[in-house]
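Observations on chain architecture
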Amino acid sequence: MGLDRTGLAAFMGALGERPFRAQQILPWIHQRGVADFAAMTNIGKALAAHLATVAVIGAPALLSEHVSADGTRKWLLGLADGNAIETVFIPETDRNTLCISSQVGCALDCAFCATARQGFSRNLTAAEIVGQVWFAEHYLRRILGRGERVLSNIVFMGMGEPLLNVKEVIMAADVLLDDLAYGLSRRRVTVSTAGVVPAMARLQEGAPVSLAVSLHAPDDALRDTLMPVNRKYPIAPLMEACRAYVRGDSRRRVTFEYAMLAGVNDGPGHAQALARLLRTVPAKVNLIPFNPFPGTSFTRSAPEVIDRFRAILLEAGLTTVTRRTRGDGIGAACGQLAGVVLERPRRVVRLHAV
Ligand code: SAH
């Protein structure tokens, strides 16, 4: 499930098969949703039988589904080791977006995010990342009675920090972009980061998908209090990495996410500072009304406060959209994903005096 074209060709090579087998097998798995080698009619019975002894085509297992009144679906998907992650399907009139997880839990500890409360267990493998897409695409085709493709956009905005798992995320993105698999354009695949600066260049080299950055504050003093990662990678180097990400392509812009937290980051002064900050980066801004979760002391900014904030950014020439809240009745909105994060067994490390 997690092998991209190169990886699958190498796998075939190691079995003594010709690498082009990868090109026969990828569409079976990803476009037709076939998990049984025997059903792959063009690869021959002998290879199918051999593959069945050395490989499995597996995805995370559906544990539960919640459907909200607006059509948003949240799935709890179980992994082989007992952990579980959440994946969210967001249907819209002009697109169908899948929001996928990249880690079990999250280590970044952003003050306003429910996933942070769960702690961190481990990275997902590329197979577990692509497996969410494979499950969603073929499950939705079945229940919606659709023959053709359902998902049009993928966002790495579920549980976890994708750029702390950049190797597997790049491998997974390769599969999403490959015409023999999901064939999505890089505009339709978005990786969101809280600002892990050194991994941004790696993503751009490995799989230059669209980039979103969770900013949430226009200055270091405030951002330090909301997002501990800012103490390691402050705003100035983050902005430089954003400029570098889109350099050389005048049509590309970075999306900046900004959760509207009442009385914290939502004043006119914050909007003006944000407009100043983003003057030097090709940017668009997504304002996300804060989504509450049990135990949080933050609250959502009032609609008129969000409108005023947005008006200041528009006035400064910034494309700014207020995100419509989807799926919060089922705990599926931004920042509400929790899953089941098992405690990681701690290894005992003994230090010897040498
Ligand atoms: N770790 C990555 C991917 C998560 S994307 C990142 O930080 O970008 C999820 C988005 O929802 C991020 O922009 C995150 O900051 C935002 N978010 C987290 N908690 C939220 C909440 N309670 N309400 C609204 N947005 C929230």
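Since we're looking at a predicted model, the values are computed, not measured. Per chain, residue numbering runs from 1 following the sequence as it is written. Since the coordinates come from a predicted model, pLDDT governs what is reported: local features require at least 70, and pairs of side-chain atoms require 80 or more to be given and counted, while whole-chain, interface and lining totals use all residues. The basis for every side-chain value is the complete set of heavy atoms in the structure, and neither hydrogens nor water enter the calculation.

Strands are runs of DSSP state E lasting at least two residues, helices are runs of H or I lasting at least four, and both sets are numbered from the N terminus onward. The helix and strand inventory of the protein stands at 12 helices and 12 strands. Based on C-alpha atoms, the radius of gyration is set beside the globule rule, defined as 2.2 Å times the residue count to the power 0.38. Computed over C-alpha atoms, the radius of gyration of the protein comes to 21 Å, within 12% of the 20 Å expected from 2.2 N^0.38 for 354 residues, which places it in the range of a compact globule. By principal-axis analysis of the C-alpha atoms, the protein measures approximately 70 × 65 × 45 Å. When a residue's accessible area, from a 1.4 Å probe over protein chains only, is under 20% of the maximum for its type it is buried; when over 50% it is exposed; and in between it is partly exposed. The 354 residues of the protein split such that 53% are buried.

Attention now moves to the domain arrangement of the protein. Its domain assignment divides the protein into domain 1 (5–54) and domain 2 (61–330). Either an automatic procedure or a domain database provided the assignment from which the domain bounds are taken. Domain 1 and domain 2 are separated by 33 Å when their C-alpha centres are compared. On the side of domain 2, 10 residues touch domain 1, which itself brings 11 residues to the contact. A pair is scored as a salt bridge if a Lys or Arg side-chain nitrogen falls within 4 Å of a carboxyl oxygen belonging to Asp or Glu. For the pair domain 1 and domain 2, the interface holds one salt bridge. A salt bridge links Asp178 to Arg5; its shortest N-O distance comes to 2.7 Å. Contacts between residues were defined by any pair of non-hydrogen atoms, one from each residue, lying within 4.5 Å.

This part is about helix α6 (residues 166–177). Each residue after the first adds 1.5 Å to the expected span of a helix. Helix length check: α6 (12 residues) gives 16 Å between terminal C-alpha atoms against 16 Å at 1.5 Å per residue, within 8%. Along α6, the residues that are buried comprise Val166, Val169, Ile170, Ala172, Ala173, Val175 and Leu176. Contact partners of the buried residues in α6: α2 (21–31), α5 (126–144), β7 (153–156), β8 (189–193) and α7 (197–206).

Moving on to the packing of α6 against α7. Orientation of α6 relative to α7, taken along the N-to-C sense of each, is 25 degrees, at an axis distance of 10 Å. As judged from the angle between their axes, α6 and α7 are roughly parallel. Handedness of the α6/α7 crossing: right-handed. Residue-level inspection shows Val166, Lys167, Ile170 and Asp174 of α6 in contact with α7, the latter providing Ala199, Arg202, Leu203 and Gly206. All amino acids are sorted into three groups, where Ala, Val, Leu, Ile, Met, Phe, Trp, Tyr, Cys and Pro are nonpolar, Asp, Glu, Lys and Arg are charged, and the leftover types, Gly among them, are polar. Taken together, the residues of the contact of α6 with α7 sort by class into four nonpolar, one polar and three charged. Note on geometry: axes are C-alpha line fits, over the in-contact stretch for helices, and angles between N-to-C directions span 0 to 180 degrees. Any angle that is under 35 degrees is reported as roughly parallel, and any over 145 degrees as roughly antiparallel; angles of 65 to 115 degrees are reported as roughly perpendicular and all others as oblique. Each crossing is labelled by how the near helix is turned from the far one, with a counterclockwise turn of less than a right angle marking it left-handed and a clockwise turn marking it right-handed.

Right, let's get into the layout of surface pockets. A 1.4 Å probe that fits into a set of points on a 1 Å grid over the protein atoms alone but cannot get out defines a cavity; an open set with protein on both sides within 12 Å along at least five of seven lines defines a pocket, and lining residues are those with an atom within 4 Å of a point. Grid points are joined across faces, edges and corners, and a volume is the space filled by probe spheres set on the points. One number sums up the size of the second largest pocket: a volume of about 320 Å³. Lining the second largest pocket are 23 residues; nearest its centre among them are Met1, Gly2, Leu3, Val56 and Ile57. Broken down by secondary-structure element, the contributors of at least two residues to the lining of the second largest pocket are α1 (5–14), α2, α5 and α6. In terms of residue count, the dominant contributor to the lining of the second largest pocket is α2 (four residues). A breakdown of the residues in the lining of the second largest pocket according to their chemical character gives 18 nonpolar, three polar and two charged. Both domains that meet at the lining of the second largest pocket, namely domain 1 (5–54) and domain 2 (61–330), each give it at least three residues.

What follows concerns the sheet that holds strand β9 (residues 210–214). We treat two strands as partners when DSSP finds at least two bridges between them. Read across the open sheet, the 10 strands follow the order β1-β2-β3-β4-β7-β8-β9-β10-β11-β12; overall the sheet is mixed. Looking at strand neighbours, the two that pair on one side only are β1 (61–67) and β12 (319–322), the edges of this open sheet. Strand-to-strand, the axes of this sheet are offset by a mean angle of 20 degrees, without reference to chain direction. Summarising the sheet, strand β10 (residues 254–260) and strand β11 (residues 283–289) pair through seven bridges and their orientation is parallel. From the neighbouring strand, Ala259 faces β11, where its bridge partner is Ile288. Of the strands in this sheet, β9 and β10 touch helix α10 (residues 235–246), which is tilted by about 140 degrees from β10.

Burial analysis of strand β2 (residues 73–78) places six of its six residues in the buried class, the great majority of the element. Here β2 shows no split at all, with Arg73, Trp75 and Leu77 on one side and Lys74, Leu76 and Gly78 on the other all buried. Relative to β2, β1 runs antiparallel, the two being bridged by six bridges. Bridge pairing in β2 links Val67 to Arg73. In sequence, β1 turns back onto β2 through a hairpin of five residues, with Gly71 there showing a positive phi of about 95 degrees. Linking β2 back to strand β3 (residues 84–91) in an antiparallel pair, the connection comprises five residues, with Gly82 at a positive phi of about 95 degrees.

With that settled, the discussion passes to the environment of Glu65. Of note, Glu65 is situated in strand β1. For the pair Glu65 and Lys45, spaced 20 residues apart in the sequence, the C-alpha separation amounts to 37 Å. Not counting residues within four places of it along the chain, the set of residues in contact with Glu65 comprises Arg73, Lys74, Trp75 and Tyr139. For the purposes of these results, a polar contact is taken to be a pair of N or O atoms within 3.5 Å, where, inside protein, one atom must be able to donate a hydrogen and its partner to accept one; residues adjacent in sequence count only when each atom of the pair is a side-chain atom. Of the polar contacts made by the side chain of Glu65, one reaches the side chain of Arg73; its length is 2.8 Å. Within polar-contact distance, the side chain of Glu65 engages the side chain of Trp75 at 2.9 Å.

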